Amino acid sequence: MKIMHCPLNGPRNISEFTYGGQVHTMPDPKTCDDPSWARYVFYEDNDIGIVREWWQHTPSSYWFIAERHNGSDDILRTYDPGELFTDRVDFQTPGGES
Amino acid sequence: MPVALLKYGLGDDFPFEDHADLPGPTALRDHYDVVIIGGGGHGVATAYYLAKYHGITNVAVLEKAYLGGGNTARNTAVIRSNYLTPEGVAFYSASVKLYEQLSNEFDFNIMYSQRGQLTLAHTDATVRAFRQRAEVNKHFGGRTELIDRQAIAELVPCLNLDPAELPVLAGLWHRDGATARHDAVAWGYARGATQRGVELHQLTEVTDIASDSGRVTGVVTNRGTVHCGCVVQAVAGHSAPLAKKAGIDLPLVAYPLQAMVTLPVKPFLNPLVSSSALHCYVQQTSRGEIVIGGGSDPYPLYQSRASLPLKESLIASAVDMFPFLSEMRLLRQWAGITDMTTDYSPIMGLSPLENYYLDAGWGTWGFKATPICGQTMAQLVASGGQVPELIQPFALDRFDRFQQVNEMGATAASH
Amino acid sequence: MASPLQSLAFEGGGNEALVLRDFRLARRAGVRGPGASDLLTSHGLPADIAPNRISDQSDRGLVMALSQREFWLLHPDAAASSQQPDSAALAAGAWPLYCQHSHAWLMLSGEPKAAMMAKLCGVDLGDGAFPLGQVAQTQMAHVSVVIAHHDYQNEAVFSLFVDQSLAEYAAGALIDAMSEFNQSGI
Ligand SMILES: Cc1cc2nc3c(=O)[nH]c(=O)nc-3n(C[C@H](O)[C@H](O)[C@H](O)COP(=O)(O)OP(=O)(O)OC[C@H]3O[C@@H](n4cnc5c(N)ncnc54)[C@H](O)[C@@H]3O)c2cc1C
């Protein structure tokens with residue numbers, strides 16, 4: 001079985017993980033237009049090479065980031081999202097309470 | 001043995017079919033009216049309809065490997081039209097109608113075999129979804145109905161009606177469901193197209209796409225640059241990276257899809273059988289092999305080795321459905337790279353480049369659409385960009401408009 | 001159909017035999033969130049336990065750390081509590097976890113427990129790789145499980161936490177795997 005290294009739980013069978021999509025920057029939902037939101041929701045980079053992705057270790061519900069080559073399936077690095085994300089994001093509906 | 005055969009056996013003049021083979025390789029020309037990238041079923045079908053019905057023959061099909069060696073060679077050949085949305089059902093029904101006539105059209109046997117497709121429901125919610133699919137399908141002239149456990153047992157006596165403690169509640173019985181010989185489809189189209197003057201260039205990979213002020217001007221290949229009036233791209237799993245070379249982003253993610261096949265045995269299974277809950281489908285080919293297919297791999301990858309857990313779960317589910325399969329030997333296993341959209345419908349029609357046409361996003365379900373894709377893409381090219389009504393719902397810009405055509409429930413694991 | 005859980009022993013067995021015991025009625029609670037460790041400290045419990053470790057606080061129970069921000073308090077000898085979770089916890093930036101509702105607690109003891117678990121789980125639970133005090137969040141027989149290696153009544157045991165709704169299934173899988181080791185039954 002292929003092994004992935006979870007930053008919290010160590011090396012585990014790949015079947016313990018759930019793929020969560022590419023990491024990309026979210027546009028501000030309050031100000032962005034429909035096409036840029038569509039781009040954020042539906043589009044990935046689609047290069048064959050090293051991609052930065054969200055993964056979850058399912059038994060511990062722990063989300064982290066992996067750098068993986070999507071052609072060779074080599075996993076180069078996994079790390080806590082705290083390395084990239086430091087701020088909390090709060091969503092507000094227009095005119096509504098947070 | 002007919003006496004006539006003996007005559008050929010003794011003489012030298014064996015009854016060769018004229019043009020049984022494809023024309024040999026030729027030099028790439030400098031210019032074509034139409035360049036089609038991808039020599040899979042979709043590419044050669046487009047060339048065929050262009051040549052036969054629109055008289056457009058200055059066409060080159062560029063294929064990086066060999067004819068029909070991509071997903072056309074790897075798919076499990078389920079042909080059906082029992083989708084969910086009116087847009088989807090109308091489109092796939094038109095394809096099934098073309099398939100029914102395809103052997104006559106080619107004068108070449110594609111071994112079209114209409115045995116019906118049965119999808120099993122294991123939950124009440126699935127039964128309700130099936131009811132909707134049956135009604136939409138009937139509305140568009142398809143033959144689909146819901147059947148109960150007893151009828152299922154009569155259709156498929158060897159099916160385990162209580163697999164993995166998930167009792168089968170009912171089934172969606174689609175009489176129009178069929179299968180065909182996938183190589184024959186690719187070869188039938190390629191032969192018909194090349195006989196009419198289309199050039200098929202195998203071992204010819206498009207490495208870049210040249211454009212100028214919003215129009216494509218030509219393609220760069222490993223055999224040199226070719227200028228052209230317009231381009232159709234039909235490269236399945238590699239759709240997004242190729243389109244990117246033309247500066248076009250496509251909302252696709254590439255996942256491996258696996259299948260496997262056992263040694264041949266005597267015919268025992270006529271319909272194609274698929275389970276909605278086990279994510280597995282099982283069918284017997286006309287050669288007697290049992291084909292096992294299922295859902296996509298769990299994460300994106302451009303590599304057909306694919307993942308081990310899915311192989312395990314596919315086999316486990318197939319054995320749950322047909323317990324005696326555990327006694328059989330697997331002959332081979334393989335995967336293809338599938339270009340998945342989020343709504344499980346294709347991307348067809350215009351692109352941001354004026355004369356660059358898209359036939360992409362075919363994911364795990366595009367073999368059944370081969371004839372209708374060829375026909376509608378040919379109409380699109382011949383008319384200089386008038387999008388045929390049947391494929392308008394599948395436009396690339398539907399994602400920007402948030403008007404997706406959701407076929408997920410009717411596609412996943414049933415192909 | 002008889003539930004596999006009904007056949008579980010409640011008394012300790014010999015050291016060689018594998019014994020699976022049902023602790024679903026024992027007390028357990030959890031907290032999670034940025035304020036979780038402060039909350040522990042304010043109750044006089046250690047919060048400097050590394051993730052995936054379990055620490056024995058003798059009569060105050062076991063403290064299990066599932067991440068830097070999630071702790072479970074386990075009391076194998078106390079009855080499950082019907083107390084409402086502390087609302088002060090919320091204020092402190094920690095969310096109460098209803099572990100008694102969400103997770104069944106089974107306990108496996110006996111010498112060959114790691115060898116037996118190798119049939120069901122991909123993680124090496126042998127003493128070398130998984131010493132006392134270690135916790136593994138992993139899968140067992142295809143379902144999620146938390147496995148904690150700790151002492152109970154002077155014996156090293158594995159506590160297994162699976163979703164309540166999976167208790168029956170998990171116990172069935174465990175008993176099936178145990179039968180190879182326990183010729184005399186459970
Ligand atoms: C395991 C599996 C099972 C499936 N089962 C079914 C099923 O039961 N029913 C169904 O309807 N569909 C099924 N599908 C989906 C179906 O196979 C595809 O959607 C369909 O074959 C796509 O046809 P195509 O002609 O567009 O692509 P392909 O047949 O893949 O042809 C594309 C061609 O483009 C070539 N190419 C790629 N890049 C370049 C380049 N840069 N230059 C030149 N050439 C290039 C490739 O070599 C390839 O030959 C299945 C797919 C798989 C993998």
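Residues numbered from 1 in each chain as written. Chains lettered and ligands numbered in written order. Predicted model: local features only at pLDDT ≥ 70, side-chain atom pairs only at ≥ 80, totals over all residues. Heavy atoms only, no water.

Peer 1: How do you make sense of the interface of chain A and chain C when you look at a structure like this?
Peer 2: You'll often see interface size given as the accessible area lost when the parts meet. Taken together, the contact pairs 11 residues of chain A with 13 residues of chain C. Carbon and sulfur atoms supply 43% of the area that chain A and chain C bury against each other, a total of about 810 Å² over both sides. Considering only the side of chain A, the residues that lose the most area to chain C are A:L8, A:R12 and A:P59, jointly responsible for 52% of the buried surface there. Our count for the contact surface shared by chain A and chain C stands at zero salt bridges. At the boundary of chain A and chain C, one finds seven residue pairs in polar contact (both at pLDDT 80 or more). Partitioning the side of chain A that touches chain C into residue classes produces two nonpolar, seven polar and two charged. (Contact = heavy atoms within 4.5 Å. Buried area = accessible area lost by both parts, 1.4 Å probe. Salt bridge = Lys/Arg side-chain N within 4 Å of Asp/Glu carboxyl O. Polar contact = N/O pair within 3.5 Å; in protein donor to acceptor, adjacent residues only side chain to side chain. Nonpolar A, V, L, I, M, F, W, Y, C, P; charged D, E, K, R; others polar.)

Peer 1: In this structure, what is going on with the sheet that holds strand β5 (residues 62-69) of chain A? I would like to understand it.
Peer 2: Pairing between sheet strands relies on hydrogen bonds along the backbone, with the strands arranged either parallel or antiparallel. Residue and element names in this part refer to chain A. Taken together, the four strands give an open sheet; going across it, the order is β3-β4-β5-β6, and neighbouring strands pair in antiparallel fashion. With partners counted over all chains shown, the strands left at the sheet margins are β3 (17-22) and β6 (75-79), one partner each. For this sheet, the mean inter-axis angle between neighbouring strands, taken without regard to orientation, is 30°. Relative to β5, strand β4 (residues 50-57) runs antiparallel, the two sharing eight bridges. In the sheet register, Q56 faces β5, and the bridge partner there is W63. (Pairing = 2+ DSSP bridges. Helix = DSSP H or I, 4+ residues; strand = E, 2+ residues; numbered from the N terminus. Axes fitted to C-alpha atoms, helices over the stretch in contact; angles between N-to-C directions.)

Peer 1: How should I be thinking about the pairing of strand β9 (residues 224-233) of chain B in this particular structure?
Peer 2: Each regular strand displays side chains that alternate between the two surfaces of the sheet. Residue and element names in this part refer to chain B. For strand β1 (residues 31-37) and β9, the ladder comprises six bridges, and the chain directions are parallel. The residue of β9 that forms the bridge with I36 is V232. As paired strands, strand β8 (residues 215-221) and β9 are joined by four bridges and run antiparallel to one another. Across the sheet, the residue bridging to V220 is T225, located in β9. As consecutive antiparallel partners, β8 and β9 are separated by two residues. In terms of strand pairing, β9 meets strand β16 (residues 356-360) through three bridges, oriented parallel. Opposite V231, over in β16, you have Y356 as the bridge partner.

Peer 1: Please clarify how the environment of B:T204 should be interpreted in this entry.
Peer 2: Residues and elements named next belong to chain B. Locating T204 in the fold gives a position in the loop between β6 (199-201) and β7 (206-212). Once residues within four sequence positions are removed from consideration, T204 is found in contact with L28, L62, E63, K64, T221, N222 and R223. From its side chain, T204 meets the backbone oxygen of H201 in a polar contact 3.5 Å long.

Peer 1: Just to check I follow, could you spell out the environment of B:D33 for this structure?
Peer 2: Residues and elements named next belong to chain B. Positionally, D33 belongs in strand β1. The exposure class of D33 is partly exposed, given its relative accessible area of 38%. What D33 contacts, discounting residues up to four positions off in sequence, is N58, C228, G229 and C230. (Buried < 20%, exposed > 50% of the residue type's maximum accessible area, 1.4 Å probe, protein only.)

Peer 1: Help me out: how do you make sense of the packing of aromatic side chains in this one?
Peer 2: Two numbers describe a pair of aromatic rings. These are the distance of the centres and the angle of the planes. By the definition in use, this model includes 29 aromatic pairs over all chains. Arranged with centres 5.4 Å apart and planes meeting at 65°, the rings of A:F42 and B:F399 form a pair that is edge-to-face. Of the two residues, A:F42 is situated in helix α1 (residues 34-42) and B:F399 in the loop between α11 (370-382) and α12 (408-411); the pairing between them involves two chains. Of the two residues, A:F42 and B:F399, both sit in the buried class. Each ring, one from B:F91 and one from B:W362, has its centre 6.1 Å from the other, and the planes form 20°; the classification is stacked. With B:F91 in helix α4 (residues 86-100) and B:W362 in the loop between β16 and α11, the pair connects residues that are 271 residues apart, well separated along the chain. Both residues of the pair, B:F91 and B:W362, belong to the buried class. Three or more aromatic residues joined by ring pairs make a cluster, and in this case those are B:Y48, B:Y49, B:Y53, B:F106 and B:Y189. (Phe/Tyr/Trp six-rings, centres within 6.5 Å; stacked < 30°, edge-to-face > 60°.)

Peer 1: What am I meant to see in the environment of B:P323 here?
Peer 2: Residues and elements named next belong to chain B. Topologically, P323 is positioned in the loop between α10 (308-321) and β14 (330-340). Take P323: its relative accessible area is 39%, and that puts it in the partly exposed class. Distance from P323 to L159, taken between C-alpha atoms, is 8.2 Å for residues 164 residues apart in sequence.

Peer 1: Looking at this model, I keep getting lost on the interface of chain B and chain A. Mind explaining?
Peer 2: Opposite the 25 residues of chain B that make contact, chain A presents 23 residues. Of the roughly 2,100 Å² buried between chain B and chain A, counting both surfaces, carbon and sulfur atoms make up 60%. The largest contributions to the chain B side of the interface with chain A come from B:Y299, B:Y302 and B:F402, which together make up 28% of the buried area. A salt bridge links A:D47 to B:K244, with the shortest nitrogen-to-oxygen separation between them at 3.0 Å. Scanning the region where chain B abuts chain A turns up 10 residue pairs in polar contact (both at pLDDT 80 or more). Of all the secondary-structure elements, those providing two or more residues to the side of chain B that touches chain A are α9 (239-245), β10 (253-262) and α10 of chain B. In terms of residue class, the side of chain B that touches chain A is made up of 17 nonpolar, four polar and four charged.

Peer 1: I'm lost on the side chain of A:E67 in this one. Help?
Peer 2: Residues and elements named next belong to chain A. Position of E67 relative to the elements: it lies in strand β5. Of note is the side chain of E67, whose polar atom sits 2.9 Å from the side chain of Y79. Here E67 is in contact with I50, V51, R52, D74, I75, L76, R77 and Y79, once residues within four sequence places are set aside.

Peer 1: Is there a simple way to think about the sheet that holds strand β7 (residues 103-109) of chain C in this case?
Peer 2: Residues and elements named next belong to chain C. Read across the sheet, five strands follow the order β1-β7-β10-β9-β8 without closing on themselves; strand pairing throughout is antiparallel. Each edge of the open sheet carries a strand with a single partner, namely β1 (19-22) and β8 (135-140). Within the sheet, the average angular offset between the axes of one strand and its neighbour, ignoring direction, is 30°. Inspection of the sheet shows β8 paired to strand β9 (residues 143-152) by six bridges, in the antiparallel sense. Each residue of the ladder has a partner; that of Q139, found in β9, is S144. Set on the sheet, helix α5 (residues 167-178) makes contact with β1, β7, β8, β9 and β10 (155-163); between it and β1 the angle comes to about 165°.

Peer 1: Got a minute to help me understand unusual backbone geometry in this structure?
Peer 2: Generally, phi is negative for residues other than glycine and the peptide bonds are trans, each holding for most cases. In the Ramachandran plot, A:N46 falls in the positive-phi region, its phi being about 60° despite a non-glycine side chain. In this fold, A:N46 is placed in the loop between α1 and β4. By relative accessible area, which is 8% here, A:N46 ends up buried. In this model, B:A77 sits at a positive phi of 60°, which is unusual for a non-glycine residue. Relative to the helices and strands, B:A77 resides in the loop between α3 (71-74) and α4.

Peer 1: Could you clarify how one ought to interpret the pattern of salt bridges in this entry?
Peer 2: Side-chain pairing between opposite charges can occur once the charged atoms of the two side chains come close. According to the stated counting rule, one finds 24 salt bridges over all chains in the structure shown. As a salt-bridge pair, B:D343 and B:R398 come within 2.8 Å of each other at their nearest N and O atoms. Remark: B:R398 occurs in the loop between α11 and α12 and B:D343 occurs in the loop between β14 and β15 (347-349); sequence separation between them is 55 residues. Residue B:D343 is classed as buried on the basis of its relative accessible area of 2%. Connected through shared salt-bridge partners, A:K2, A:E53, A:R68 and A:D73 make up one network.

Peer 1: Could you clarify how one ought to interpret the site of the ligand in this entry?
Peer 2: Residue and element names in this part refer to chain B. Close contacts around the ligand come from 38 residues, with E63, N71, T72, T76 and K368 the closest. Taken by itself the ligand offers 1,000 Å² of open surface, and the protein chains cover 97% of this. If you list the elements that add at least two residues to the shell around the ligand, you get α2 (41-54), α3, β10 and β14. Of the residues in the shell around the ligand, the class split is 15 nonpolar, 18 polar and five charged. Counting only domains with at least three residues in the shell around the ligand, you end up with domain 1 (27-74 + 183-251 + 343-410) and domain 2 (114-177 + 253-340). (Near = heavy atom within 4 Å. Areas by Shrake-Rupley, 256 points an atom, 1.4 Å probe, with all protein chains shown as cover. Domains from an automatic or database assignment.)

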